[in-house]
Amino acid sequence: MWLFLYSVSLKMNDVNHRRFVLAFLVNGVYILESDRQQNCDEIEALATPWWESFHFQLPYKLVDINKNSIFGAIYEYKYPNPSPSFPQYVIAFRGTILKKEMVLRDGKLNLNCFLNKLHKSSSFQLAMVRILVTMSGGARVWLAGHSLGSAMALLVGKNMAKMGDFLETYLFNPPFLSFPKERLKNEKKRKHMMNTLVCKILMTSDISPALILFIYKQP
């Protein structure tokens with residue numbers, strides 16, 4: 001695999017190189033979930049090279065408590081002595097997976113994102129608990145995410161900043177978030193905006209109308 005041919009001498013002062021490495025770690029989360037869905041054992045699993053090639057290990061997976069899906073990963077850098085410019089841990093989040101077994105879980109999270117309610121999800125709450133545990137010893141942590149995972153990483157980073165911890169964060173294809181509906185005092189305009197949002201999702205996705213409306217009506 002060409003991944004192994006990439007130089008292990010990490011030029012972490014190069015921001016493009018940092019993006020390159022973080023993109024591989026984020027993709028590793030997608031492959032982890034794919035391996036889980038296919039019930040791959042350690043020999044069959046395809047995810048490991050995506051982080052081991054850059055001297056990372058996987059001490060912890062972020063698993064949704066309701067669907068058992070892997071939505072994130074905590075990677076630990078295991079090269080002898082990481083420099084101050086290098087993270088000891090990277091917490092990465094995947095984006096939406098449009099497969100039958102995942103569309104309901106990820107679709108609901110996407111709607112929570114549009115409605116500015118992602119912070120109420122069990123996935124976000126678990127991510128916050130794990131990052132606080134990871135940073136309890138003063139470890140250097142970076143965040144990374146793609147698509148929906150970018151929104152998760154951004155929200156985690158925002159909450160950590162409120163606590164006085166400013167984490168380096170890499171976002172790949174972050175979603176366009178909704179206009180804050182609480183600013184619309186007129187109830188008719190608010191309902192019109194929500195109906196328009198649902199219509200746009202229907203027109204731009206492969207999700208069935210019945211499924212969208214089911215997710216939309218969930219508490």
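One structure accompanies this document, and this report is about it.

Quick notes on the overall build of the chain
Within the chain, the secondary structure is distributed over seven helices and five strands. For the chain, the α and β elements follow one another from N to C terminus as α-α-β-β-β-α-α-β-α-β-α-α. Buried residues in the chain amount to 42% of all 219 residues. Within the chain, residue pairs in contact and separated by at least 24 positions form 64% of the contacts whose partners lie at least 6 positions apart. Surface exposure of the chain reaches about 12500 Å², of which carbon and sulfur atoms provide 57%.

Considerations on the nonpolar core
Core analysis: the largest hydrophobic core is formed by 26 residues, its most contacted members being Leu22, Leu25, Trp51, Phe56, Tyr75 and Val90. Only helix H1 (15-37), helix H2 (49-52), strand E2 (70-77), strand E3 (89-93) and strand E4 (141-146) provide two or more residues apiece to this core. Setting aside residues up to four positions removed in sequence, Leu22 forms contacts with Val90, Trp142, Ala144, Tyr170 and Phe172.

Regarding empty space enclosed by the protein
Within this structure, the stated rule accounts for one cavity of 30 Å³ or more. Reported here for the largest cavity is a volume of approximately 60 Å³. In this structure, the largest cavity is lined by Phe71, Phe93, Arg94, Gly95, Arg105, Asp106, Leu109, Leu148, Gly149 and Met152. Mapped onto the lining of the largest cavity, the elements with two or more residues apiece are helix H3 (103-114) and helix H5 (148-162). For the lining of the largest cavity, the residue count by class is five nonpolar, two polar and three charged.

Some details on the sheet that holds E3
Strand-to-strand pairing in sheets goes through backbone hydrogen bonds, with the strands running parallel or antiparallel. The five strands lie next to each other as E1-E2-E3-E4-E5, forming an open sheet whose pairing is mixed. For this open sheet the edge positions go to strand E1 (56-63) and strand E5 (168-172), each flanked by a neighbour on one side alone. Ignoring strand direction, the axes of neighbouring strands in this sheet form an average angle of 20°. Here E3 pairs with E4 via five bridges, running parallel. Residue Tyr89 lies in a different strand from E4, and its bridge partner there is Val141. In the packing of helix H4 (residues 122-134) onto the sheet, the strands contacted are E1, E2, E3 and E4, and the crossing angle to E1 comes to about 145°. Running at roughly 150° to E4, H5 makes contact with E3, E4 and E5 of the sheet.

Side note on the pairing of E4
Most of E4 sits inside the fold, with five of its six residues counted as buried. Across five bridges, E4 lies against E5 in parallel orientation. Each bridged residue has a counterpart across the sheet, and for Gly145 the counterpart in E5 is Leu171. Between E4 and its parallel partner E5, the chain crosses via H5, and the hand of that crossover is right-handed.

Comments concerning the side chain of Ser123
Position of Ser123 relative to the elements: it lies in helix H4. Apart from residues no more than four positions distant in its own chain, Ser123 is found in contact with Asp64, Phe71, Arg105, Leu109 and Met152.

Cut-offs and rules
- Residues numbered from 1 in each chain as written.
- Predicted model: local features only at pLDDT ≥ 70, side-chain atom pairs only at ≥ 80, totals over all residues.
- Heavy atoms only, no water.
- Helix = DSSP H or I, 4+ residues; strand = E, 2+ residues; numbered from the N terminus.
- Buried < 20%, exposed > 50% of the residue type's maximum accessible area, 1.4 Å probe, protein only.
- Contact = heavy atoms within 4.5 Å.
- Areas by Shrake-Rupley, 256 points an atom, 1.4 Å probe, with all protein chains shown as cover.
- Core = buried A, V, L, I, M, F, W, Y, C linked by side-chain atoms within 4.5 Å.
- 1 Å grid on protein atoms, 1.4 Å probe; cavity = no way out; pocket = protein on both sides within 12 Å on 5 of 7 lines; lining within 4 Å.
- Points joined across faces, edges and corners; volume = space filled by probe spheres on them.
- Nonpolar A, V, L, I, M, F, W, Y, C, P; charged D, E, K, R; others polar.
- Pairing = 2+ DSSP bridges.
- Axes fitted to C-alpha atoms, helices over the stretch in contact; angles between N-to-C directions.
- Right-handed = clockwise from strand over helix to strand, strands pointing away.

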